[in-house]
Amino acid sequence: MKIILAKSAGFCFGVKRATTMAFAAAKNHDHICSFGPIIHSPQVVQRLVEQGVSVIDDINAIKDGAVIIRSHGVEARELAQIHDRGLEVVDATCPFVKKAQNHAALFAAEGYSVVLVGEAEHPEVQGIVSYAAGCQVHVVAGREEAEKLPRAAKIGIIAQTTQAYDTFRAVVDICLGRCQELRVFNTICDATIVRQSEAKAIAAEVDVMLVVGGHNSANTTRLNSICSAIQPRTHHIETADEIRAEWFDSAGSVGVTAGASTPHWIIEQVVARVTECAG
(Lines give C-alpha, C1' and ligand atoms only; values in the text may rest on other atoms or scores of the structure.)
Protein backbone atom coordinates (compact mmCIF):
# COMPACT_ATOMS: atom_id res chain seq x y z
CA MET A 1 0.00 0.00 0.00
CA LYS A 2 1.40 3.35 -1.07
CA ILE A 3 1.61 6.08 1.58
CA ILE A 4 1.69 9.72 0.49
CA LEU A 5 2.68 12.21 3.22
CA ALA A 6 1.99 15.89 2.62
CA LYS A 7 5.19 17.93 2.51
CA SER A 8 3.71 20.67 4.69
CA ALA A 9 2.22 18.35 7.33
CA GLY A 10 2.90 19.45 10.89
CA PHE A 11 4.00 22.59 12.67
CA CYS A 12 3.62 25.90 10.89
CA PHE A 13 5.99 28.79 11.59
CA GLY A 14 3.80 30.34 14.27
CA VAL A 15 3.28 27.10 16.18
CA LYS A 16 6.95 26.13 16.00
CA ARG A 17 7.89 29.59 17.27
CA ALA A 18 5.36 29.40 20.12
CA THR A 19 6.38 25.95 21.32
CA THR A 20 10.09 26.81 21.12
CA MET A 21 9.46 29.92 23.23
CA ALA A 22 7.36 27.97 25.72
CA PHE A 23 9.86 25.17 26.32
CA ALA A 24 12.70 27.69 26.61
CA ALA A 25 10.71 29.78 29.09
CA ALA A 26 9.94 26.68 31.15
CA LYS A 27 13.66 26.14 31.69
CA ASN A 28 14.22 29.73 32.79
CA HIS A 29 11.33 30.24 35.24
CA ASP A 30 10.39 28.55 38.49
CA HIS A 31 6.82 29.82 38.29
CA ILE A 32 5.25 29.85 34.84
CA CYS A 33 1.92 29.16 33.22
CA SER A 34 0.24 29.61 29.88
CA PHE A 35 -2.97 31.58 29.58
CA GLY A 36 -4.99 28.93 27.82
CA PRO A 37 -3.37 26.03 25.93
CA ILE A 38 -0.28 27.23 24.03
CA ILE A 39 -1.47 25.41 20.88
CA HIS A 40 -4.33 23.04 20.07
CA SER A 41 -2.37 19.85 20.62
CA PRO A 42 -3.21 18.08 23.90
CA GLN A 43 -0.02 16.03 23.60
CA VAL A 44 2.26 19.09 23.37
CA VAL A 45 0.34 20.81 26.17
CA GLN A 46 0.87 17.75 28.37
CA ARG A 47 4.62 17.79 27.69
CA LEU A 48 4.72 21.42 28.78
CA VAL A 49 2.78 20.56 31.93
CA GLU A 50 5.46 17.97 32.67
CA GLN A 51 8.01 20.79 32.32
CA GLY A 52 6.15 22.85 34.90
CA VAL A 53 3.96 24.98 32.61
CA SER A 54 0.44 24.88 34.03
CA VAL A 55 -2.56 25.95 31.93
CA ILE A 56 -4.59 28.76 33.52
CA ASP A 57 -7.90 30.12 32.23
CA ASP A 58 -8.53 32.72 34.96
CA ILE A 59 -6.14 35.67 35.09
CA ASN A 60 -7.03 36.29 38.74
CA ALA A 61 -5.69 32.83 39.58
CA ILE A 62 -2.18 33.84 38.45
CA LYS A 63 -0.32 35.08 41.52
CA ASP A 64 3.23 35.59 40.30
CA GLY A 65 5.88 34.49 37.83
CA ALA A 66 5.65 34.46 34.05
CA VAL A 67 2.69 34.04 31.71
CA ILE A 68 2.95 32.60 28.20
CA ILE A 69 0.49 34.09 25.73
CA ARG A 70 -0.79 31.29 23.49
CA SER A 71 -0.14 31.24 19.75
CA HIS A 72 -3.77 32.20 19.03
CA GLY A 73 -3.36 35.39 21.05
CA VAL A 74 -5.66 36.77 23.73
CA GLU A 75 -8.16 39.59 24.02
CA ALA A 76 -6.77 43.11 24.38
CA ARG A 77 -8.30 43.57 27.84
CA GLU A 78 -6.84 40.26 29.02
CA LEU A 79 -3.35 41.25 27.93
CA ALA A 80 -3.77 44.60 29.69
CA GLN A 81 -4.86 42.83 32.89
CA ILE A 82 -1.81 40.57 32.79
CA HIS A 83 0.50 43.58 32.43
CA ASP A 84 -1.37 45.47 35.17
CA ARG A 85 -0.72 42.61 37.58
CA GLY A 86 3.00 43.05 37.03
CA LEU A 87 3.47 39.57 35.59
CA GLU A 88 6.28 38.81 33.16
CA VAL A 89 4.86 38.20 29.69
CA VAL A 90 6.23 35.67 27.21
CA ASP A 91 4.24 36.67 24.13
CA ALA A 92 4.05 33.66 21.83
CA THR A 93 1.22 35.11 19.73
CA CYS A 94 1.69 34.10 16.10
CA PRO A 95 2.92 37.10 14.07
CA PHE A 96 0.19 36.43 11.49
CA VAL A 97 -2.43 36.65 14.23
CA LYS A 98 -0.81 39.90 15.38
CA LYS A 99 -1.24 41.29 11.86
CA ALA A 100 -4.94 40.44 11.91
CA GLN A 101 -5.30 42.15 15.31
CA ASN A 102 -3.53 45.26 13.99
CA HIS A 103 -5.70 45.37 10.86
CA ALA A 104 -8.84 45.10 13.01
CA ALA A 105 -7.65 48.07 15.08
CA LEU A 106 -6.89 50.05 11.91
CA PHE A 107 -10.34 49.42 10.43
CA ALA A 108 -11.99 50.48 13.69
CA ALA A 109 -9.92 53.68 13.87
CA GLU A 110 -10.80 54.60 10.28
CA GLY A 111 -14.55 54.05 10.65
CA TYR A 112 -15.04 50.83 8.71
CA SER A 113 -17.71 48.28 9.45
CA VAL A 114 -15.55 45.23 10.14
CA VAL A 115 -16.28 41.79 8.76
CA LEU A 116 -14.20 38.96 10.17
CA VAL A 117 -14.37 35.64 8.35
CA GLY A 118 -13.99 32.97 11.00
CA GLU A 119 -15.52 30.94 13.80
CA ALA A 120 -17.09 33.15 16.46
CA GLU A 121 -16.22 30.85 19.37
CA HIS A 122 -12.57 30.38 18.44
CA PRO A 123 -10.11 32.12 20.81
CA GLU A 124 -8.15 33.64 17.92
CA VAL A 125 -11.31 35.23 16.53
CA GLN A 126 -12.40 36.53 19.94
CA GLY A 127 -8.98 38.07 20.37
CA ILE A 128 -9.02 39.77 16.97
CA VAL A 129 -12.52 41.17 17.59
CA SER A 130 -11.34 42.77 20.83
CA TYR A 131 -8.80 44.92 18.99
CA ALA A 132 -11.53 46.63 16.95
CA ALA A 133 -12.44 48.78 19.95
CA GLY A 134 -15.57 50.90 19.63
CA CYS A 135 -16.57 49.26 16.36
CA GLN A 136 -19.18 46.68 15.54
CA VAL A 137 -17.57 43.52 14.18
CA HIS A 138 -19.56 41.02 12.16
CA VAL A 139 -18.10 37.52 12.45
CA VAL A 140 -19.27 35.31 9.58
CA ALA A 141 -18.44 31.67 9.00
CA GLY A 142 -19.25 31.65 5.31
CA ARG A 143 -21.50 32.64 2.42
CA GLU A 144 -24.83 32.05 4.16
CA GLU A 145 -24.03 34.40 7.05
CA ALA A 146 -22.39 36.95 4.75
CA GLU A 147 -25.60 37.26 2.72
CA LYS A 148 -27.35 38.50 5.87
CA LEU A 149 -24.90 41.34 6.50
CA PRO A 150 -26.32 44.89 6.56
CA ARG A 151 -25.22 47.44 4.02
CA ALA A 152 -22.54 49.93 5.07
CA ALA A 153 -20.70 52.86 3.52
CA LYS A 154 -17.31 51.29 4.21
CA ILE A 155 -16.57 47.62 4.88
CA GLY A 156 -13.21 46.24 5.94
CA ILE A 157 -12.64 42.49 5.72
CA ILE A 158 -10.09 40.30 7.49
CA ALA A 159 -9.94 36.57 8.20
CA GLN A 160 -9.08 34.10 10.89
CA THR A 161 -5.57 33.01 9.89
CA THR A 162 -6.56 29.37 9.29
CA GLN A 163 -9.67 30.03 7.20
CA ALA A 164 -10.28 28.34 3.85
CA TYR A 165 -9.36 30.74 1.04
CA ASP A 166 -12.48 29.82 -1.01
CA THR A 167 -14.71 30.81 1.92
CA PHE A 168 -12.86 34.09 2.36
CA ARG A 169 -13.14 34.88 -1.35
CA ALA A 170 -16.88 34.15 -1.33
CA VAL A 171 -17.46 36.58 1.55
CA VAL A 172 -15.43 39.27 -0.21
CA ASP A 173 -17.54 38.87 -3.36
CA ILE A 174 -20.77 39.23 -1.39
CA CYS A 175 -19.58 42.30 0.54
CA LEU A 176 -18.58 44.00 -2.69
CA GLY A 177 -22.26 44.50 -3.42
CA ARG A 178 -23.08 45.77 0.08
CA CYS A 179 -20.95 48.93 0.32
CA GLN A 180 -19.49 51.89 -1.54
CA GLU A 181 -15.95 51.24 -0.31
CA LEU A 182 -14.42 47.84 0.33
CA ARG A 183 -10.99 47.26 1.85
CA VAL A 184 -9.59 43.76 2.24
CA PHE A 185 -6.60 42.36 4.10
CA ASN A 186 -6.02 38.71 3.32
CA THR A 187 -4.86 37.58 6.76
CA ILE A 188 -4.95 33.86 5.97
CA CYS A 189 -1.38 32.71 6.54
CA ASP A 190 0.57 31.23 3.64
CA ALA A 191 1.11 27.94 5.47
CA THR A 192 -2.66 27.44 5.69
CA ILE A 193 -3.14 27.99 1.96
CA VAL A 194 -0.29 25.62 1.06
CA ARG A 195 -1.51 22.94 3.49
CA GLN A 196 -5.06 23.08 2.14
CA SER A 197 -3.88 22.95 -1.47
CA GLU A 198 -1.70 19.90 -0.79
CA ALA A 199 -4.53 18.17 1.06
CA LYS A 200 -6.90 18.65 -1.89
CA ALA A 201 -4.39 17.21 -4.34
CA ILE A 202 -3.57 14.17 -2.19
CA ALA A 203 -7.20 13.42 -1.30
CA ALA A 204 -8.04 13.28 -5.01
CA GLU A 205 -5.27 10.75 -5.60
CA VAL A 206 -5.64 8.21 -2.77
CA ASP A 207 -8.15 5.58 -1.64
CA VAL A 208 -8.01 6.56 2.05
CA MET A 209 -7.08 9.89 3.64
CA LEU A 210 -5.88 10.50 7.20
CA VAL A 211 -5.93 13.99 8.73
CA VAL A 212 -3.86 14.14 11.91
CA GLY A 213 -4.30 16.72 14.63
CA GLY A 214 -6.12 17.79 17.77
CA HIS A 215 -9.87 17.34 17.72
CA ASN A 216 -10.00 20.88 19.17
CA SER A 217 -7.87 22.28 16.33
CA ALA A 218 -9.82 24.49 13.92
CA ASN A 219 -7.32 24.23 11.07
CA THR A 220 -7.17 20.42 11.37
CA THR A 221 -10.96 20.18 11.40
CA ARG A 222 -11.04 22.36 8.29
CA LEU A 223 -8.51 20.10 6.54
CA ASN A 224 -10.73 17.16 7.41
CA SER A 225 -13.75 18.88 5.86
CA ILE A 226 -11.81 19.72 2.70
CA CYS A 227 -10.52 16.17 2.31
CA SER A 228 -13.88 14.54 3.16
CA ALA A 229 -15.57 16.48 0.37
CA ILE A 230 -13.12 14.92 -2.09
CA GLN A 231 -12.45 11.50 -0.54
CA PRO A 232 -15.32 10.10 1.62
CA ARG A 233 -12.90 7.61 3.20
CA THR A 234 -11.27 10.40 5.22
CA HIS A 235 -10.56 10.00 8.94
CA HIS A 236 -9.63 12.75 11.42
CA ILE A 237 -7.40 11.24 14.09
CA GLU A 238 -5.43 12.75 16.95
CA THR A 239 -2.96 9.90 17.49
CA ALA A 240 -1.92 6.62 15.89
CA ASP A 241 -3.92 4.71 18.53
CA GLU A 242 -7.14 5.74 16.81
CA ILE A 243 -6.24 4.04 13.52
CA ARG A 244 -8.25 0.92 12.59
CA ALA A 245 -6.83 -1.65 10.18
CA GLU A 246 -10.20 -2.16 8.49
CA TRP A 247 -10.06 1.39 7.16
CA PHE A 248 -7.52 0.20 4.61
CA ASP A 249 -9.42 -2.81 3.25
CA SER A 250 -8.94 -2.92 -0.54
CA ALA A 251 -7.01 0.35 -0.43
CA GLY A 252 -4.01 0.70 -2.70
CA SER A 253 -2.95 4.11 -1.42
CA VAL A 254 -3.25 6.23 1.71
CA GLY A 255 -2.73 9.96 2.09
CA VAL A 256 -1.58 11.59 5.32
CA THR A 257 -1.71 15.27 6.18
CA ALA A 258 -1.69 17.09 9.50
CA GLY A 259 -2.77 20.32 11.07
CA ALA A 260 -0.46 23.19 11.96
CA SER A 261 -0.38 22.18 15.64
CA THR A 262 0.53 18.54 15.07
CA PRO A 263 4.07 17.62 16.21
CA HIS A 264 6.22 15.54 13.86
CA TRP A 265 6.60 12.71 16.36
CA ILE A 266 2.85 12.08 16.20
CA ILE A 267 2.93 12.14 12.39
CA GLU A 268 5.80 9.62 12.42
CA GLN A 269 3.81 7.33 14.71
CA VAL A 270 0.82 7.54 12.37
CA VAL A 271 2.90 6.65 9.32
CA ALA A 272 4.47 3.74 11.22
CA ARG A 273 1.02 2.45 12.22
CA VAL A 274 -0.28 2.70 8.65
CA THR A 275 2.81 0.81 7.47
CA GLU A 276 2.00 -1.95 9.97
CA CYS A 277 -1.56 -2.16 8.68
CA ALA A 278 -0.26 -2.37 5.11
CA GLY A 279 1.91 -5.32 6.07
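Up top is the structure these notes are about.
This is a predicted model, so every value here is computed, not measured.

Trainee: Quick one: what's the story with the pattern of salt bridges, residue by residue and with numbers?
Mentor: This model, assessed by the stated rule, comprises seven salt bridges. Ionic pairing is found between aspartate 91 and lysine 98, a salt bridge with its closest N-O pair at 3.0 Å. A salt bridge links arginine 169 to aspartate 173; the nearest nitrogen and oxygen atoms lie 3.6 Å apart. In this pair, arginine 169 and aspartate 173 are both assigned in helix H7 (residues 165-176), four residues apart and thus about one turn of the helix distant. Residue aspartate 173 is classed as partly exposed on the basis of its relative accessible area of 44%.

Trainee: Kindly report on the sheet that holds strand E11 (residues 234-237), identifying the contributing residues and their values.
Mentor: Taking strand neighbours across the sheet as the criterion, the four strands line up as E1-E12-E10-E11 in an open arrangement whose pairing is parallel. On the outer flanks of this sheet lie strand E1 (2-5) and E11, each paired with one strand and no other. Taken over all neighbouring pairs, the strand axes of this sheet differ in orientation by 20° on average, direction set aside. Of the strands in this sheet, E1, strand E10 (208-212) and strand E12 (253-258) touch helix H8 (residues 190-203), which is tilted by about 170° from E12.

Trainee: Can you tell me about the pairing of E10, naming the residues and giving the values?
Mentor: Burial runs high along E10: five of the five residues are buried. Here E10 shows two buried faces, one formed by Val208, Leu210 and Val212 and the other by Met209 and Val211. Pairing of E10 with E12 involves five bridges; the strand directions are parallel. For leucine 210, the partnering residue across the bridge sits in E12 and is valine 256. As judged from the four bridges shared by E10 and E11, these two strands associate in the parallel manner. Across the sheet, residue valine 211 finds its bridge partner in E11, namely histidine 236. Note that the unit made of E10, helix H9 (residues 218-230) and E11 has a crossover that is right-handed.

Trainee: A description of the packing of helix H1 (residues 13-28) against helix H2 (residues 42-50) should follow, citing residues and the corresponding values.
Mentor: Packing of H1 against H2 brings their axes to within 10 Å, and their N-to-C directions diverge by 15°. Between H1 and H2, the interaxial angle falls into the category roughly parallel. Of the two possible hands of crossing, H1 and H2 adopt the one that is left-handed. Contacts between H1 and H2 involve Thr19, Ala22 and Phe23 on the former and, on the latter, Val44, Arg47 and Leu48. When grouped by side-chain class, the residues that make up the contact of H1 with H2 number four nonpolar, one polar and one charged.

Trainee: If you had to explain the side chain of glutamine 196 to someone new, which residues and values would you point to?
Mentor: Residue position: glutamine 196 is located in helix H8. Every residue in contact with glutamine 196, bar those within four places of it in the chain, is listed here: Thr162, Gln163, Ala164, Tyr165, Arg222, Leu223 and Ile226.

Trainee: Go over the packing of H8 against H9, please, and point to the residues and values.
Mentor: As a packed pair, H8 and H9 sit with axes 9 Å apart at the nearest point and diverge in direction by 30°. When the axis of H8 is compared with that of H9, the two are roughly parallel. Crossing angle aside, the handedness with which H8 passes H9 is right-handed. Along its contact with H8, which presents Arg195, Gln196, Ala199, Lys200 and Ala203, the element H9 presents Arg222, Leu223, Ile226, Cys227 and Ile230. Residues that form the contact of H8 with H9 fall into these classes: six nonpolar, one polar and three charged.

Trainee: Mind laying out empty space enclosed by the protein, listing which residues take part and the relevant values?
Mentor: Scanning the entire structure with this criterion turns up four cavities of 30 Å³ or more. Approximately 220 Å³ is the volume found for the largest cavity. Among the elements of the structure, H1, helix H4 (95-109), H8 and H9 are those that each provide at least two residues to the lining of the largest cavity. Here the element with the most residues in the lining of the largest cavity is H8; it accounts for three residues. Split by residue class, the lining of the largest cavity holds nine nonpolar, 11 polar and two charged.

Cut-offs applied
- Within every chain, residues take consecutive numbers counted from 1 along the sequence as written.
- Under the rules for a predicted model, residues below a pLDDT of 70 receive no local features and side-chain atom pairs below 80 are neither given nor counted, while totals for whole chains, interfaces and linings still include all residues.
- The side-chain figures draw on all heavy atoms in the structure; neither hydrogens nor water molecules are used.
- For this analysis, a salt bridge means a side-chain nitrogen from Lys or Arg found within 4 Å of a carboxyl oxygen belonging to Asp or Glu.
- Comment: elements are numbered from the N terminus, with helices defined as DSSP H or I runs of at least four residues and strands as E runs of at least two.
- Exposure is judged per residue with a 1.4 Å probe applied to protein chains only, and the accessible area is read against the type maximum: over 50% gives exposed, under 20% gives buried, and values in between give partly exposed.
- In this scheme, strands are said to pair when DSSP sees at least two bridges between them.
- Axis definition: a line fitted to C-alpha atoms, over the contacting stretch in the case of helices. Angles run 0 to 180 degrees between N-to-C directions.
- Throughout, a contact is declared for two residues whenever any of their heavy atoms are within 4.5 Å.
- Think of it like this: strands point away, you trace from the first strand over the helix to the second, and a clockwise trace means the crossover is right-handed.
- Our angle categories are set so that under 35 degrees counts as roughly parallel, over 145 as roughly antiparallel, 65 to 115 as roughly perpendicular, and the remainder as oblique.
- Here a crossing is taken to be left-handed if its near helix is turned anticlockwise relative to the far helix by less than a right angle, and right-handed if that turn runs clockwise.
- Amino acids are sorted into nonpolar (Ala, Val, Leu, Ile, Met, Phe, Trp, Tyr, Cys and Pro), charged (Asp, Glu, Lys and Arg) and polar (every other residue, Gly among them).
- Both site types are read off a 1 Å grid over the protein atoms alone. A 1.4 Å probe that fits but cannot get out defines a cavity, while an open set with protein on both sides within 12 Å along at least five of seven lines defines a pocket; lining residues have an atom within 4 Å of a point.
- Grid points are joined across faces, edges and corners, and a volume is the space filled by probe spheres set on the points.

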